[in-house]
Structures are given as C-alpha cells and as structure tokens.
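Understanding the architecture of this molecule
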Amino acid sequence: MAHYTQKYDLFLGATQSFCHRCGNLKRLIDAHIVSRADEVYLRKFCPKCGESMVMISDDLDYYKRCDDYLKKPDLPERALTKVVQGCPFDCGVCPQHQNHPCLALFNITDECNMKCRICYHRSEPGAGNHRSMEEIAQMLETLLKVESEPDLIQVTGGEPTTHPQIIEILRYLKASPVRHLMLNTNGIRIAQEEGFVHALKKLGGGFEVYLQFDSLRTEALKDIRAQDMRSIRLKALEALEKADISTTLVCVVKKGVNDDEISEIIDFAGGYRCVRGVVFQPVQEAGRIEAEGAFRITLSEIRRRIIEDDSNPFEDADMIPLPCDPHKICVGYAAKRMKEQNGKAYAELYPVTGKIPKEAITQQKGTVAFEQDRQFVRSVVETVSLDTAMGEAIVGDKIKQKLFCCWPSFLAPQEMGYEHVFRIVIMEFSDIYNFDAINIKRECNFMIEPNRAIPFSTYNMGIAFSQ
Ligand code: SF4
Ligand code: SF4
C-alpha cells in the first residue's frame, strides 16, 4: 500500500516519472506535481523504494506562468516509429510527440580530446567511432522526413572537430535546406589551428560556433571539465572574434561550483562582438555524471540568479518561457550595442522580450512562421522602437532577421544585423530525477540517428526503446 507522508500546500497535477533511487528505467511510476512554500516538487512513489520528492522549480509563480505561454504545438511532419509500449518507450519520433525538432543534433563521433566529468556521452580519447559520410547522409535524410526545412542543425559528438572530415561534413550540411548550422565544440582546435578557423569562416553566414564555456575560474573548470580550460577558451574566443564568426557561449551550471558566476559570464560575453549570447544548462544526470546532491540546480534558480542580480539588465519580465516548451526553456533577448572604454570593448544591452505582448508570441500559428504574420511583426517593431534606447534607429527600413527558430523573427533596421542581438537561454533537460512523462512530449531538441529522431533527454537517459 502506498504511504505518502510528505506534506505540501498545493496539488498542481499528476504525471509519471521514474524512480531515481532504484534507477529502474523500464517502469514508469506515479508522480504528483505539488508545491510547498514557493517551491515545486515532483512527489514520486515507487512501489519498491517508497516516496521521494524532487524539486523542479524554486519559483511557484514562474512555474504557473509557464503554462500561460503554451502555444499550439508544431508537430513533426512524419512519425518514424509506432506507438507500441507508449511514451517514453517508443522514441524515434513517435506519433504522440507534440513538438517538431527546433534543434537537430548530429553526433558525428564518440571521440574526444578531453574527458570531462560531466560528459553526457562518456566520450574520451580513443573512443573513436567517426560516422561515415554515408551515415551522415542517412541522418540528414531522416531529419528531412521529420522536418523538411529544419531550423537548426548542431554538429556534436564527442568532440566533432576530431573527425577527420569535419569541414566536409559542415559544408555538406550547410548545403542542405537547414536555416542555421552550429558546431558544438570545446574550442581546442579553434584555439590551436588558424587554418581550421579560416575554413570555418569560409562556411559563411548562417553558421555559428557553440563554444563550451562554463566558468572563468580554474577550480570550477577543474570540477566540471577535469582541467583548467581558461587559456584555451580565451584563445578560441580571440580567434573567433578576429575571424568574426558568430559564437554562443554554453555553460553547464552546477550549484556551489559556478552558479555565482552567471552575471559575470553574461558581462564577459558582452565584451566580444562575435558573441551572440549565452546558453545556461543545469547539470543533468547523464553519461559520466551522477547528478544527485547539493549541486543539482533548476532552471528557475538560474533564472533567479539572472533577474535578481543588478549587474546585468535582465529583469523578471525579460526572461520568459519559450512557448514551445515553456517549463524547460527560458529566453531573454536583448539588442546589443558595442562600446569602448579605455581601449576595452563592452556591450550595452537593451532587453526586448519583456516589451513584446505575450499574446503576440503565443497566438502564432507556428514556431517558424512568425515572420509571415505582418501584424505580429508590426507590434514587435513598434514596441521595440518606442521603448528602447535604440529609439528611432529601429524605425525605418526594416529587414527580417531570424533570431532563433522558436522565437519570433525580429525586425531590425538594415544597419542592425545578427551581430546586434544578444540572447540568454536557460535550457533544462530531463533526467531520471526530474522526468515528467507529460512534458517530455514537448521536447524540441532531437538526436538524429541514421533511422531515428530521438528527443535528446530520452536519448541521454538510456531508455530501452521498444522498436
Ligand atoms: S518522448 Fe516523444 S517520441 Fe519519445 S515516446 Fe514519448 S512521445 Fe514518442
Ligand atoms: S563533454 Fe564534450 S568535451 Fe567533454 S568529454 Fe564530452 S564530448 Fe568531450
């Protein structure tokens, strides 16, 4: 008989999860979503291990607000697997999934020139397994079945720059119908090989480097990456700045290790013209990391660090739930203007997301078609034009500028391009602790295999799929 002893204030809903105590990934268990004081928990009950509570948000108000941002789902164009055992055992993508791939990850190798403590893929030197061009062509074919005009492909691994055909692969994918291509890298090759940076530059617009960048401190880097990466990261950033290659900094956040650096990293990122923003990812249990304990952190805790710290301009209204997966992705966009003081570059940031009416965002037909809605576009431009220090510069001859596949296209004057955009994204993946069987159906990051498109979290969790 089930014994629930943990007290709570509000019952917010029921879902299913997995038991992180026995680690059984073959059987879903009941889970209630409840709040206690201002915190939100998954209250699970495992027939074998009993009751457990996992905090999924430290901000009840924001948690409730997320549901107000839900929009009509954009479904995958085609399912690749059938419903056999039910979610999440039919991944690949099955007909129950409620979101298209906003981001398609192509894992091109298991090899890596590092051995990070937090590697979700357990990559390390000697792991090998470079995918062939034929396999990569199959992956692309698979993605195009699910999404004929993909928004974003991210080439990942392992460390993708260890693949001997990395440039050929990037060129091949760039020539596909994808709108934006990213290279997810630890930056070692970029820091060390000028010729490699030139080859990346030749890929042209619509290409971006997604650069691992967790901390500015030695100790935190040693904790997360098992080595002090500071000089590599700085050299890589200098090379990207010199070559003017769009770059996003990616920080895995561990509580008590680097969560006190969030504003500092935003400020640091602003000092580089090439940096388009920062992505913060709470550490998750996957691959080499066991994420139980005091270093777990939720999306809302990271968001709180950003909005409560006056040293960055983002406030509560500026960091909002992304409509396609509101509980798991939070975004803030700012217009960016570079300045210089005492020979040092810095960015003035003018957050704009809080100025766009919520209805204008959530009533859109699709995540990729915002720019088609003239009324929406006008309201965004008018709001931004009247209300930011950019002032009249934004009114006038506007051009379409795609910022992010899930986010409305942002109109800007002709002299204002992608280099004047700065975005903060907090992206939380699911693991055995916080898994919610309802929310997983909204995941929009997919790992693309030669015959499957698998939501990134279920892929990382190592769930045995039915087909
Ligand atoms: S997570 Fe999505 S693709 Fe996987 S089984 Fe559930 S609904 Fe299907
Ligand atoms: S996290 Fe990235 S850089 Fe680190 S070992 Fe894994 S693949 Fe390599």
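If you're wondering where the values come from, they're calculated on a predicted model, not measured in any experiment. (Residues numbered from 1 in each chain as written. Chains lettered and ligands numbered in written order. Predicted model: local features only at pLDDT ≥ 70, side-chain atom pairs only at ≥ 80, totals over all residues. Heavy atoms only, no water.)

Focus: the site of ligand 2
Note the cut-off: To be near a molecule or strand, a residue needs just one of its heavy atoms within 4 Å of it. Side-chain classes follow a simple rule in which Ala, Val, Leu, Ile, Met, Phe, Trp, Tyr, Cys and Pro form the nonpolar group, Asp, Glu, Lys and Arg form the charged group, and the remainder, Gly included, forms the polar group.
Neighbouring ligand 2 are eleven residues; Cys112, Cys116, Cys119, Gln212 and Arg225 lie closest to it. Taken together, the residues that form the shell around ligand 2 break down as four nonpolar, four polar and three charged.

Re the environment of alanine 239
So the rule is basically this: Counting from the N terminus, the helices are DSSP H or I runs at least four residues long and the strands are E runs at least two residues long. We call two residues in contact whenever any of their non-hydrogen atoms come within 4.5 Å of each other.
In this structure, alanine 239 sits in helix α7 (residues 230–243). Considered as a pair, alanine 239 and glutamate 194 are 45 residues apart in the sequence and their alpha carbons are 7.7 Å apart. Setting aside its immediate chain neighbours within four residues, alanine 239 contacts Ile190 and Val197.

Considering the sheet that holds strand β1 (residues 10–17)
Test applied: Two strands qualify as a pair provided that DSSP identifies no fewer than 2 bridges between them. Axes here mean lines fitted to C-alpha atoms, for a helix over just the part in contact, with angles spanning 0 to 180 degrees between N-to-C directions.
Spatial ordering of the open sheet is given by β1-β2-β3-β4, a layout of four strands whose pairing is antiparallel. At either margin of the open sheet sits one strand with a lone partner, and together these are β1 and β4 (50–57). The sheet shows a mean angle of 25 degrees between the axes of neighbouring strands, direction not considered.

Some details on the state of the cysteines
Defined as follows: Two cysteine sulfurs form what is called a disulfide whenever their separation falls within 2.5 Å.
For the structure shown, the criterion picks out zero disulfides. Left unpaired, cysteine 66 is separated from the closest cysteine sulfur, that of cysteine 330, by 7.7 Å.

Some details on the side chain of asparagine 445
With respect to the element layout, asparagine 445 can be found in strand β17 (residues 445–448). Not counting the four nearest positions on each side in its chain, asparagine 445 is found in contact with Leu103, Leu105, Met427, Phe429, Ile454, Pro455 and Phe456.

Details of the pairing of strand β3 (residues 39–46)
Rule in force here: The buried label applies to any residue whose accessible area, calculated with a 1.4 Å probe on protein chains only, is under 20% of its type's maximum; exposed applies above 50%, and partly exposed to all values in between.
Here β3 lies mainly inside the structure; seven of its eight residues are buried. Where strand β2 (residues 29–36) lies against β3, seven bridges are found, and the strand directions are antiparallel. Note that in β3 the partner of arginine 36 across the bridge is glutamate 39. Where β2 folds back onto β3 in an antiparallel hairpin, the turn is made up of two residues, including alanine 37, whose phi is positive at roughly 55 degrees. Here seven bridges tie β3 to β4, and the two strands are oriented antiparallel to one another.

Examining the packing of aromatic side chains
Cut-off, in case you're wondering: For this analysis, a ring pair means two rings from Phe, Tyr or Trp (six-membered ring only for Trp) whose centres lie within 6.5 Å, classed as stacked if their planes differ by under 30 degrees, edge-to-face if by over 60, and tilted for the remaining angles.
Applying the stated criterion across every chain yields a total of five aromatic pairs. Ring plane angle 80 degrees and centroid distance 6.2 Å describe the contact between phenylalanine 18 and phenylalanine 89, whose orientation is recorded as edge-to-face. Taken together, the residues phenylalanine 18 in the loop between β1 and β2 and phenylalanine 89 in the loop between α1 (60–68) and β5 (103–107) connect sequence positions 71 residues apart. For the pair shown, phenylalanine 18 and phenylalanine 89 are each scored as buried. Between phenylalanine 268 and tyrosine 272, the aromatic rings sit 5.3 Å apart at their centres with planes inclined by 50 degrees, giving tilted as the arrangement. Each of the two residues, phenylalanine 268 as well as tyrosine 272, counts as buried.

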